[in-house]
Amino acid sequence: MQYRLLGRTGIRVSAVGFGTCQLRLVSRRQALATLRRGFELGVNVVHTAPDYEGADALVVEAVEESGREIIVMSQGYGDPAHFEWLFESTCRRLKKQSLEIYGIACIDDREYLGENVWGRGGMVQFLLRKKQEGRLGAIFCTTHGKPEYIAGLVQSGVFDAIMLSYNALGFHLLSYNPAGARELESLPGNLEKVFPLAALHGVGLMIMKPLAGGLLISGKAFPPRSPLFSGSRKLTAAEALRGILRHPEVTCVVPGTASPEEAEENATAGAEPLELSSSTLDKIDLAVAEGKRTLCSRCGVCDTTCSRRLPVSWLFRDTYINNHPSETFETIDALRYFHLHPGETATCSVCDDITCACPVGIEIPKSLVDIHGQMRAWRDEGILPVTPAQFPQELRNGPFPLRVIRREIPLSLGSGEVGTGLFWIENAGRTAWREGTRTPDSAAMALSIMESGETRTQVPLRHDVEPGTRTHVVFEIGGHGRCGYYNYSFFLAPLNARSCHEEGTEIHRHELRVRTSSTVTTHG
C-alpha cells in the first residue's frame, strides 16, 4: 500500500480509504469481514458518520479486533451543543482523549439549513478551539458545493483536508441540478479549479464517489439489477481508482466498500506501483466516453423542454438509484419515480408533441418508455420502496407501530445455504426505538426472527430511531440441511422479549423454500 501525507497535517494515510455508508445494508458479519480484509491489506483510514446507522460502532469493533493503528474520520452536524456532543461521543467510542482528525458533514448543507458553521460559538470555532487545546490534530469537511464554493473553503485556512466528489465520468449516481439559485457540484470544475488550488494551499484532497456510485464499474456487494441503466461497465475498480490516484493533488480515494471482495479490489488499487499503461488509459477514456453518451448526467436541460412537463432528469435519477441497491436514504419520497410519474402508462408512449431534447443525444422518449416498463416490473416484484398507493397498506399496528418501506428476503436457497434479507421500516409511533448493540437494556429493540413458532435469533437495532424516521435492519436466514419449506415470522420487539406476539409488532411472514441446488431467488 502506498501512503501519502494528508495535506499539511503530517498524517500519512493509505492511498485507498474506505467509505462505510453502505455497511448499513449488509449483515454485521459481512461488515466486520469487509473492514478486517481492508486493514489486512494496508488500509489505515476509514470515513464514517453518526448517521450511517451504526457503521461507526462496526468500525470501532473492527479496529479493536485488528490491533492496528487506523485513522477513523468521523464528522458532526446540528446545533453547537449537538455538534460538541457528537465530537465527545466519537472520543468516547474510540476511547481517546484526542482525535487525529474530525470534520463537518457536508458543510454546504449545514449552511443551507441555517446551522451555525462560521458564527460565534459555531462549528469552526469549536474545532479550532479543540486544536488549540491539543484534543484535535486536523480539521476536514465534506462538500458537494460548486467549485467556487470549495475554493473558498480551501482559502479559508481552516481546513487541513477536504473530501469532495470526483471521477472521470463527470457525474455520479446521485448527481442532480435543481432549479433555482442553489448550484451544486461540478466534478470537471473540481479537477480544473479545486485540485491545483488545494495543492497550492497544502490542503489534502480525499475523493468520494470515485466509482460514480456504481455507474463506472459493477459493484460486487450490490451488483446492478439490470444492465440497461448501468453504463458500459468495462472498467475494474482498480483501474478507475488508479485513474484518479495518478493526479498528484489527490491524497486518497474513499470508495464505499461493503464486501470482502470489494475490500480486496479497492485496497489493492492503492498498492505500488500505481502507474497506468497507455492501453489502460485508453480503456478508461473509451469507457467514460460511452458512459457520457448513454447515461443521463441529470444536467436538467430536458426538464424545461418536455411538453408534458415531466421532471425527466429526476425520473432517470430514481431509476438509476433503484438499479443500484447500494444507495440508502438519499432520495426523499417526493422524488421517487411513482411519486413523480402521473400514471400507469408511460407518458412518452402516448405523447404527440415531442419537444424534449438531450444535449448529448440520449433518445429521451424511448429511454423513458424503457425505464417505465422496468420500474413497473420492479414495483410489481416488491423491491421498490412503497409508492403513494401502497403507503397506507404497509402500516403495522401493535406495541410499536411501524410502516414497511421496503423488504428484500430470499425466496429460495440451496441446502445449507444462508441468505441475507433486509427490512427498511419507519417508526410510525410516538416513542423512539432504542438501539441495542452498544448499551443493551430493557428499552433496547431488535428484529426478532421466529421459525415454526420459536424465536431463532434477534438482530439488535444499530441506532436510535425517532418517530417519523427510518432504519435498515439486515438479517440472515437459512442454513437448513433438509429440503422443504420453512415458515418465518419477523417482529420488532424488545431485545429480551419473552413473547414476540405479545410484546412486539409483526412485520412480515415469509415462506422459504430450501432446494438441493444453490440458486438463490429473492422476493421483495
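Before going into details, it helps to say that this report is about the structure given with it. Given the structure is predicted, the values throughout are model-derived calculations rather than measurements.

The rules behind each value
Residues numbered from 1 in each chain as written. Predicted model: local features only at pLDDT ≥ 70, side-chain atom pairs only at ≥ 80, totals over all residues. Heavy atoms only, no water. Axes fitted to C-alpha atoms, helices over the stretch in contact; angles between N-to-C directions. Helix = DSSP H or I, 4+ residues; strand = E, 2+ residues; numbered from the N terminus. Left-handed = near helix turned anticlockwise from the far one by under 90°. Contact = heavy atoms within 4.5 Å. Nonpolar A, V, L, I, M, F, W, Y, C, P; charged D, E, K, R; others polar. Salt bridge = Lys/Arg side-chain N within 4 Å of Asp/Glu carboxyl O. Buried < 20%, exposed > 50% of the residue type's maximum accessible area, 1.4 Å probe, protein only. Core = buried A, V, L, I, M, F, W, Y, C linked by side-chain atoms within 4.5 Å. Phe/Tyr/Trp six-rings, centres within 6.5 Å; stacked < 30°, edge-to-face > 60°. Lys NZ or Arg CZ within 6 Å of the ring centre and 35° of its normal. Pairing = 2+ DSSP bridges. Right-handed = clockwise from strand over helix to strand, strands pointing away. Expected span 1.5 Å × (residues − 1). Arc of directions from axis to C-beta.

**Concerning the packing of helix H3 (residues 80-94) against helix H5 (residues 123-132)**
It is the contact of H3 with H5, at a shortest axis distance of 10 Å, that shows an interaxial angle of 35°. Once H3 is placed against H5, the crossing between them reads as right-handed. Here H3 contributes Phe83, Glu84, Phe87 and Glu88 to the contact with H5, which in turn contributes Met123, Phe126, Leu127 and Lys130. Taken together, the residues of the contact of H3 with H5 break down into 5 nonpolar, no polar and 3 charged.

**A short note on the pattern of salt bridges**
Inspection of every chain in the model, using the stated rule, returns 36 salt bridges. Asp318 is the salt-bridge partner of Arg336, the closest N and O atoms lying 3.9 Å from each other. With a gap of 18 residues between them, Arg336 in the loop between helix H11 (312-323) and helix H12 (337-340) and Asp318 in helix H11 connect regions that are remote in the sequence. Among the residues examined, Arg336 registers a relative accessible area of 5% and is labelled buried. Three or more residues are tied together by salt bridges with common partners; here these are Asp318, Asp333, Arg336, Arg403, Glu426 and Arg470.

**Some thoughts on the nonpolar core**
One finds Ile104, Phe159 and Leu368 to be the most contacted residues of the largest nonpolar core, which totals 110 residues. It is helix H2 (residues 55-66) that contributes the most residues to this core, 6 residues altogether. Phe159 has contacts with Arg8, Ile104, Ile107, Trp118, Ile139, Phe140, Cys141, Leu153 and Val203, leaving out every residue within four places of it along the chain. If you look at the next biggest cluster of nonpolar residues, it comprises 24 residues, including Leu413, Phe423, Ile449 and Phe475.

**Topic: the packing of aromatic side chains**
Per the counting criterion, the structure on display carries 13 aromatic pairs. Residues Phe83 and Tyr102 carry aromatic rings whose centres are separated by 5.9 Å and whose planes lie at 75° to one another, so their mutual orientation is edge-to-face. Taken together, the positions of Phe83 in helix H3 and Tyr102 in strand S6 (residues 99-104) put the pair 19 residues apart, joining distant regions of the chain. By the ring-pair criterion, three or more aromatic residues cluster together here, those being Phe83, Phe87, Tyr102 and Phe126. Above the plane of the ring of Phe338 lies Arg379, whose end atom (NZ or CZ) is 4.8 Å from the centre.

**Observations regarding the sheet that holds S6**
Sheet architecture is open: 8 strands sit in the order S3-S4-S5-S6-S7-S8-S9-S10, paired in parallel fashion. Here the strands that pair on one side only, and so sit at the sheet edges, are strand S3 (18-19) and strand S10 (250-253). In this sheet, strand S9 (residues 204-208) lies alongside strand S8 (residues 161-165) in parallel orientation, the contact comprising 5 bridges. Looking at S9, one finds that Ala161 is bridged to Gly204.

**Some details on the side chain of Glu451**
Assignment of secondary structure puts Glu451 in strand S14 (residues 445-451). When near neighbours in sequence (up to four residues on either side) are disregarded, Glu451 contacts Arg456, His480, Tyr486, Asn487 and Tyr488.

**Concerning the pairing of strand S5 (residues 71-76)**
A large share of S5 lies buried, amounting to 6 of its 6 residues. Burial along S5 is two-sided: the face carrying Ile71, Met73 and Gln75 and the face carrying Val72, Ser74 and Gly76 are both buried. Both strand S4 (residues 45-47) and S5 contribute to a ladder of 3 bridges, which runs parallel. Its bridge partner lying in S5, Val46 is registered against Val72. Remark: the S4/H2/S5 crossover connection has right-handed handedness. The pairing of S5 with S6 spans 3 bridges and is classified as parallel.

**What to know about helix H1 (residues 28-40)**
A rise of 1.5 Å per residue sets the reference length of H1, with its 13 residues, at 18 Å; its end C-alpha atoms lie 18 Å apart and thus fit the reference within 8%. Residues Ala31, Leu32, Thr34, Leu35, Gly38 and Phe39 constitute the buried set of H1. Taken down its axis, H1 places every buried residue within 155° of arc, on the same side. Buried residues belonging to H1 abut S3, S4, H2 and helix H9 (260-268).

**Points about unusual backbone geometry**
The peptide bond linking Glu272 to Pro273 adopts the cis configuration, its omega dihedral lying at -5°. Note that Pro273 resides in the loop between H9 and helix H10 (278-294). Here Arg298, not a glycine, exhibits a phi torsion of approximately 60°, which is positive. Tracing the chain through its elements places Arg298 in the loop between H10 and H11. Arg298 sits in the buried class, given a relative accessible area of 1%.

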